[in-house]
Each structure stands twice: as C-alpha cells, then as structure tokens.
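Topology and contacts: notes
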Amino acid sequence: MIKIVVCLKMVPGKLIDAERSGLIINPYDLFVLEKLAEFKKTTDISVIGICMGGESAREGLVRSKALVCDDIYWLNDIKFAQADTIATTKTLSAAIKKYIPDADAVICGGHAIDGETGQVPAELSEKLGITYFSSVADIESFGHDSAVIVKKDEGSEMTVRCRYPFLLSVDSFLTYASNLNIIALKRAQKWEYKIISSEELGIAQTDCGAAGSKTKVINSVNIIYKKESIEVGGSIKEKADHVKKLLQQ
Amino acid sequence: MSTNEEMQLIEAVREFAENNLNDPEYLEKFSPEMWEKIADFGLLGITVDEKYGGLGESYRTAAAVFENLGYSCKNNGFVFVVNNHIWVSQNLIYLYGSEQLKDKYLCDMTAGKRIGAICITEAESGSDALSMVTRAEKTDDGYILNGSKAFISNGPIADIFIVFARTGEGNNKSFTAFVVEKEFPGVKIGADIEKMGLGSCPTSEIVFDNCMIPKENVLGRYNFGSLIMTMALEWERCFEFVPHIGAMRRVMERCIEHVRSRQQFGRPIGDYQAVSHKIADMKVGIEMSRAMLDRIVDLKDNMKTAFIDTSIFKLYVSEAYIKTCRDAMQIFGGYGYTKEYDIERELRDALACSIYSGTNEMQKNTIYNFTTNGESL
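Residues numbered from 1 in each chain as written. Chains lettered and ligands numbered in written order. Predicted model: local features only at pLDDT ≥ 70, side-chain atom pairs only at ≥ 80, totals over all residues. Heavy atoms only, no water.

Convention followed: UniProt positions are given in the numbering used here, feature names are shortened, and annotations may be inferred rather than shown by experiment.
Labelled according to an unreviewed UniProt entry, chain B appears under the name Alkylation response protein AidB-like acyl-CoA dehydrogenase, originating from Ruminococcus flavefaciens. Quoted verbatim from the Cofactor (unreviewed entry) heading of the UniProt record, the comment on chain B is "FAD".

Per an unreviewed UniProt entry, chain A is named Electron transfer flavoprotein small subunit, and its organism is Ruminococcus flavefaciens.

Shown next, in the form of structure tokens:
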C-alpha cells in the first residue's frame, strides 16, 4: 500500500465567494484530495491528512475525511496559531516525522489562497530530507516504487517519474469536489478526529506558532468583492449604447 | 443531528445540485447520467436505514435537504423524478414492505440501480381513484394482474412499480398494493407523453396484460391497499411539495435582482407597490409553507399520521408556487414571456402541482369533510 500524506489548510470561504462564510478547504489542497479520491478507486493507496487549525477547521476536515482521507492528524493548539511559514514547516515536519515517518509521498497545495506565500512545500521537503517537485499540474499514476507526475513550468510541460519518498507542490486547484458523497460525509461527521496538542507533538514552544515565527503579520485588510448586476435591455443599438455608457463610467 | 451537521449536509447537497443538475441541455429531457450522479452522491436513501444503503436521517433533515435541492436544482422535472422514486415507491417498500421485499429491493433502490414509480391513476379514474378497474386475481402461485394505469410519472424509466389493483370479491371494493417489476411477464410500458412542463420527468401509460406477480410481492396486507394508498398520498403531498418551497425561493430571488436593476419612469420597478407587493406575497408563501412543514415533519418523525395536514400543505404550497411563478412572469414582463429568461418554464412546471397528488379541488373536499365532521382541530 502506498502511504500518502496530504497537508491541508482551511482558508476563508469568502475568498472564493463573497457571500460564503466560514472556512473551506484551500482549493489547491482540494485538487489533491479529489485526485487521490479518483486514484483510490483503482490504486491501493492510504491517504493521511494533516492540518494545523482551530475548531473552525472542523468542517473542512470532515469534508476531507469524507472525500478520501483514511485518517487525519489535526494539529489543534493555540500555541500553533499565528505561525509563519518557518513555524508552520517545523510543526508539520515534526508531526509527519512522529506519526507518519514511513510516508511514501507528501503532497501539498502549491500555496494557500489566504497567505499566497507558497513557501511551505519547499521548506517542508528540506526539513523532511526528501526530494521536492514544484509546479506539479497533475499526477498520472502511483506505482509500487514511484509516481508519474506532470510539471508545467513557463510554457513547457514535462512528464516526470519520481521515486518515493518525495514531496509534491501542486499548482492546480478546484473549488468543487465531484467525488463527495453524503453517506461518506455523514460517517465523517461521526469520526473521532485525532487532535494533537503542542505538548503531545513534543515540539518546543520556540519552534511553533507566533513564538516560532521570524515574520509577523502587522496588518491585514479584507477585500470584499461586491456582486452587482445591471440589466441591459432594448434593441441591439440601445443595448450597445447602454454598455458603452457603463464602460465609460 | 446537530444544526451544524445538518448545515454541512445541506451545503453539500446545494453544491452538488449547482454543479451537476443544471445542465441546460437536460432541463426538459431526462438524463440517465444525472440520475447516476445523484445515486453516486448518496442522496436517494436519505431516510432509509444504513442497513439498506441509506443515510437513516430524520424527516426533518430530509425536508431541509429537499427544500435546498429544490432551490439549487432548477431542473424541476428531475427533482420530481427523484421524489417519485424516493417517497412513493422506495419509501413505501421501506415502511410497509415485508422483510423479504425490503431485502430484495431496497439496496438497489437506494443505490439508484432500480428506479421506482407509483401506479394509481387510470384513464377513467383520476380523482375518483377508488373506481379503478385494474384487477389482480389470486392463483396458487401468486396473482395475475390485468389493467392499465395512466399518467405514471417515471413510467418509461422505472424498474419497480407500486401498483394498486382491485382484489375484493363480488361487491367488495377492496384493493391491494403490489410491487411489480418491469421484467415480470405482461408488463408493457407506453411511450413518453409530451407534457406542458416537467419535461425531464418521463410519463407514460403502463399496461398489465396477464402479468404474473409472485405472492410475496403484496405490499402491506392483502385487501388492505387503501391503507397503503392513504399513506402514499400523505408522503407525496408532503415531500413532493417540499422542493417547491426551494423553487419559490429561487424564483423570488431572481425577481428581487430584477426589480432592483430594472428601471422604468426613472426608478427601479421595485419601488412601485404593484411590483413590490408581489414579492411580499412570495415571501409570505415561502414562510407559511415552512411553518406548515415544520408541524408535518414533527408528526412524521414521531410516527404519527398527518393526513389532513399534508392535504392543507399540498393545497397551500401548490397555490403559492403557481402564484409565485405567475407573478414572476408579470414582474419580468416581456422578458418573462421569452424562453431565454426561463421564467416561462418555471411557470409551466409549477402548473402541474395543482393536479398531481390529488387535485386542489379534491384537497378542498378532504379539508371540508374533515373540518365539518367535528374532528379535533
């Protein structure tokens, strides 16, 4: 069985849809989950999710479990909060080394749509000491000792065979998971999620959360996108004149 | 189920419907692919026990889910197919069938591998359902069924029919409900009937010509089909109409968007009471429907009968739904009359609901009889 770790992050839903509240699975991570759900139908894989987040992450974790995850490690401790990419990397790598040291592959969304730093995958591969593949557009197959991926980079596309263990940073995203089934969703709601504290993880406080961060967010502004519609009617000429007037405003 | 968990289910259903069930090519044509998708999604067994592949949810949760399905899926005909399958076919086997029938059919039905339909109406017995002439004669091995049923929703695509047939001897007008498979010898399915609306719900005549039914396929008790029919109509009058509340919301929201942007005489048309009062009526219709539904699901979750409540509910929701769509057309004016804006399809789909599940006139008869017989209110 091929053991795959997926790093999950929950991000504000309103970044996708202004009318949506709460957190959703980062769309790049959702692509990974959906892809693995497809593979699970035909390939012997075990998918373990790992996520840093508070109680507000629960809904996204339920969906992740329902979609494909066989197990989830939920790093839920106030001491993990406000972590920059370095502290996040240290926390995730500590968890992977402790709980899934024999992972064949670690897959991350290329970046989270709230932070957009795109640094964690590279840092994580360094911490874990495994080969790093960036700009992954697709995963074609998982074999017994390697996987085949498609990388897209500056207009070129390469098909690459990667030997286990490796870390992938995936640049494709989804906002809707077609493999979600509500029977699985209901079972996932009843699942006992493993909540891991900083103490249980055994990570030094100076390595995680705000205390472990080299950078600190000073200010953040929510950009609210308004959805407005204007009805354009009348004859073709009237419609064209109206649109012209709107564009000139 | 906690509110959060119910909201997660509802959110998942809405996303699913928005992304999978609104293909414009199939708004008036049944899509087997869409059926497969909804089956894979796991919605079909929502109140059926997990043992039979269902979700085992309460009727309250099911109602919330189906209202939102009606909201997010603008393919009213497809929602009608799903409802016919679940509430007046699968649900009847689940609640009133023998263990043998449940084991034989339910898993396939919750998985969507077999589609259900109910057969009550005949060419000469619509409102007067009890004057049906389709007859089942007892034999040593089972029953032989002869007759035909008309306007059967899901008819052309169904695999399992719940058929009501006369079984009483002499002047005994008793009838029995049977579970009839499409493959039983003597079952003939008519062509899809072209209708004014609900185009994606295939409808046809079903003919039974010396159709052999095994004895174990009696649903409920022999000669007690009236009980099954009463319960079937109760379920139909509730859950077939729940999605219409969602549809009313959808239509109302379209109207709100329109009345805010459409200007006449220098002002948004929503500023004029002739228009705004129509939207107020839509809102009242939605909230009153929900209030009635709340009472009904409470009764059903406590295994109580809700016959008169569902009759009132059906009458009210159907009238509110038709009025909502009719008013929407008026609000959209000339645009509403065009195919492009899709309001006319909503109205065409809505008009059927004053007819199916017992016409609104029959509901008024039922309500009057109940009210004047001194039953407790």
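Quick word on the nonpolar core
How we decide: Working definition of a nonpolar core: buried Ala, Val, Leu, Ile, Met, Phe, Trp, Tyr and Cys residues. They are joined through side-chain atoms within 4.5 Å. Each residue gets one of three labels from its accessible area relative to the maximum for its type: buried under 20%, exposed over 50%, partly exposed in between, using a 1.4 Å probe on protein chains only. Residues count as neighbours in contact if any of their non-hydrogen atoms are within 4.5 Å of one another.
Ranked by size, the top nonpolar core spans 169 residues in total, and within it Leu36 and Phe142 of chain A together with Leu43, Phe66, Ile93, Phe164 and Val180 of chain B carry the most contacts. Those residues within four positions of Val180 of chain B in sequence are excluded, and the remaining contacts are Leu145, Asp159, Ile160, Phe161, Val163, Val187, Phe208, Cys211 and Ile213 of chain B. Core analysis: the second largest hydrophobic core is formed by 25 residues, Cys7, Ile50, Ala103 and Val106 of chain A among them.

A closer look at a negative patch on the surface
Stated precisely, the cut-off is as follows: Every patch collects residues that have over 30% relative accessible area and no salt bridge, joining them within 9 Å if they carry like charges and within 5 Å if they are nonpolar side chains (Val, Leu, Ile, Met, Phe, Trp, Tyr). In short, Shrake-Rupley with a 1.4 Å probe defines the accessible areas, and a residue's cover is counted only from the protein chains shown. For this document, the term salt bridge refers to a Lys or Arg side-chain nitrogen within 4 Å of an Asp or Glu carboxyl oxygen. As used throughout, the charge tally considers Lys and Arg to be positive and Asp and Glu to be negative, leaving His and the chain termini uncounted. By convention, the point assigned to a charge is CZ for Arg, NZ for Lys, CD for Glu and CG for Asp. Secondary structure counts use DSSP, requiring at least four H or I residues in a row for a helix and at least two E residues in a row for a strand, with both numbered from the N terminus.
Side chains of Asp17 and Glu19 of chain A together with Glu18 and Glu253 of chain B sit close together on the surface and give a patch of like negative charge. Residue position: Glu18 of chain B is located in helix α1 (residues 3-20). With relative accessibility at 45%, the residue Glu18 of chain B sits in the partly exposed group.

Observations concerning helix α2 (residues 58-67) of chain A
Counted residue by residue, α2 of chain A has eight buried out of 10 residues, so it is predominantly covered. Among the residues of α2 of chain A, those classed as buried are Gly60, Leu61, Val62, Arg63, Ser64, Lys65, Ala66 and Leu67 of chain A.

Focus on unusual backbone geometry
With an omega of -10°, the peptide bond running from Tyr164 of chain A to Pro165 of chain A counts as cis. Turning to its location among the elements, Pro165 of chain A is positioned in the loop between β9 (156-163) and β10 (166-170). We note that Leu198 of chain B has phi near 50°; this positive angle belongs to a residue other than glycine. Relative to the elements of secondary structure, Leu198 of chain B occurs in the loop between β6 (187-189) and β7 (203-214).

Some thoughts on the confidence of the model for chain B
Stated precisely, the cut-off is as follows: A residue's pLDDT is simply how confident the predictor is in it, with values from 0 to 100.
Here chain B shows a mean pLDDT of 95. Residues at 70 or above account for 98%. Across the interface, the model reports ipTM at 0.85; the global pTM reads 0.88.

A short note on the UniProt feature "domain: Electron transfer flavoprotein alpha/beta-subunit N-terminal" (unreviewed entry) in chain A
Feature annotation in UniProt places "domain: Electron transfer flavoprotein alpha/beta-subunit N-terminal" (unreviewed entry) on residues 13-205 of chain A, given in this structure's numbering. Across residues 13-205 of chain A, the secondary structure splits into 32% helix and 30% strand, with the terminal C-alpha atoms separated by 30 Å.

As for the environment of Thr89 of chain A
Residues and elements named next belong to chain A. Put simply, the rule reads: Nitrogen and oxygen atoms within 3.5 Å of one another constitute a polar contact, given that in protein one can donate a hydrogen and the other can accept it, and given that sequence-neighbouring residues count only through two side-chain atoms.
By the element assignment, Thr89 lies in helix α3 (residues 85-99). Residue class for Thr89 comes out buried when judged on its relative accessible area of 2%. Taking the C-alpha atoms as reference points, Thr89 and Lys227, separated by 138 residues in sequence, lie 37 Å from one another. Other than its neighbours up to four places away in sequence, Thr89 contacts Val120, Glu123, Leu124 and Lys127. Looking at Thr89, its side chain comes within polar contact range of the side chain of Glu123, at 2.8 Å.

A short note on the packing of α2 of chain A against helix α5 (residues 182-190) of chain A
Residues and elements named next belong to chain A. What counts here: With axes taken as lines fitted to C-alpha atoms, and helix axes fitted only over the stretch in contact, angles between N-to-C directions fall between 0 and 180 degrees. An angle counts as roughly parallel when it lies under 35 degrees, as roughly antiparallel when it exceeds 145, as roughly perpendicular when it falls between 65 and 115, and as oblique in every other case. Put simply, a crossing is left-handed when the front helix is turned counterclockwise from the back one by less than a right angle, and right-handed when it is turned clockwise. Under the scheme applied here, ten amino acids are nonpolar (Ala, Val, Leu, Ile, Met, Phe, Trp, Tyr, Cys and Pro), four are charged (Asp, Glu, Lys and Arg), and all others, including Gly, are polar.
Remark: α2 packs on α5, axes separated minimally by 8 Å, with the N-to-C direction vectors making an angle of 125°. As far as their axial angle goes, α5 and α2 are oblique. Every pair of crossing elements has a handedness; the one defined by α2 and α5 is right-handed. Contact with α2, carried on its side by Val62, Arg63, Lys65 and Ala66, involves Ala184, Leu185, Ala188 and Gln189 of α5 and no other residues of that element. For the contact of α2 with α5, the per-class residue count stands at five nonpolar, one polar and two charged.

Describing the packing of aromatic side chains
Between two aromatic rings, the relevant description is the distance of the centres plus the angle of the planes. To keep it simple, the criterion reads: Two rings belonging to Phe, Tyr or Trp (six-membered ring only in the last case) form a pair when the distance between their centres is within 6.5 Å. Interplanar angles under 30 degrees mark stacking, angles over 60 mark edge-to-face geometry, and anything in between is tilted. In this scheme, Lys NZ or Arg CZ marks a charge over a ring once it lies within 6 Å of the ring centre and within 35 degrees of the ring normal.
Within the structure shown, the criterion is met by 23 aromatic pairs over all chains. An angle of 80° between the planes, with centres 6.3 Å apart, marks the rings of Tyr52 of chain B and Tyr94 of chain B as edge-to-face. Remark: Tyr94 of chain B occurs in helix α4 (residues 76-96) and Tyr52 of chain B occurs in the loop between α2 (32-41) and α3 (59-72); sequence separation between them is 42 residues. The burial state of Tyr52 of chain B is the same as that of Tyr94 of chain B; both residues are buried. Grouped by ring-pair contacts, the aromatic residues Tyr59, Phe66, Trp87, Trp235 and Phe239 of chain B constitute a single cluster. The lysine or arginine in question, Lys194 of chain A, covers the ring of Tyr73 of chain A, its NZ or CZ lying 5.4 Å from the ring centre. For the cation-ring pair, Arg221 of chain B lies above Phe224 of chain B, with the distance from its terminal atom to the ring centre recorded as 4.2 Å.

With respect to the interface of chain A and chain B
As a reminder of what qualifies: The term buried area refers to how much accessible surface (probe radius 1.4 Å) is lost by two components on association, counted for both of them together.
At the junction of the two partners, chain A supplies 18 residues and chain B supplies 24 residues. In total, chain A and chain B occlude about 1900 Å² of area from one another, counting both sides; carbon and sulfur atoms represent 48% of this. When residues of chain A are sorted by the area they lose upon contact with chain B, Tyr176, Ile182 and Glu231 of chain A head the list and together hold 36% of the total. At the boundary of chain A with chain B, the tally comes to four salt bridges. Where Arg20 of chain A meets Glu15 of chain B, a salt bridge forms, and the shortest distance between an N and an O atom there is 3.1 Å. Elements supplying a minimum of two residues to the side of chain A that touches chain B: α2 and α5 of chain A. If one sorts the elements of the side of chain A that touches chain B by residue count, α5 of chain A sits on top with six residues. When grouped by side-chain class, the residues that make up the side of chain A that touches chain B number seven nonpolar, five polar and six charged.

Here we look at the pattern of salt bridges
In the structure shown here, the tally under the stated rule is 41 salt bridges over all chains. One salt bridge connects Lys3 of chain A with Asp102 of chain A, and the closest N-O pair in it is separated by 3.0 Å. Residue Lys3 of chain A is found in strand β1 (residues 2-8), and its partner Asp102 of chain A is found in the loop between α3 and β6 (105-109); the two are separated by 99 residues along the sequence. Close ionic contact of Arg63 of chain A with Glu15 of chain B constitutes a salt bridge, the shortest N to O distance being 3.0 Å. With Arg63 of chain A in helix α2 and Glu15 of chain B in helix α1, this residue pair bridges two chains. For Glu15 of chain B, a relative accessible area of 8% translates into the label buried. Where salt bridges share partners, they join Glu67, Arg249, Lys283, Glu287 and Arg290 of chain B into one cluster.

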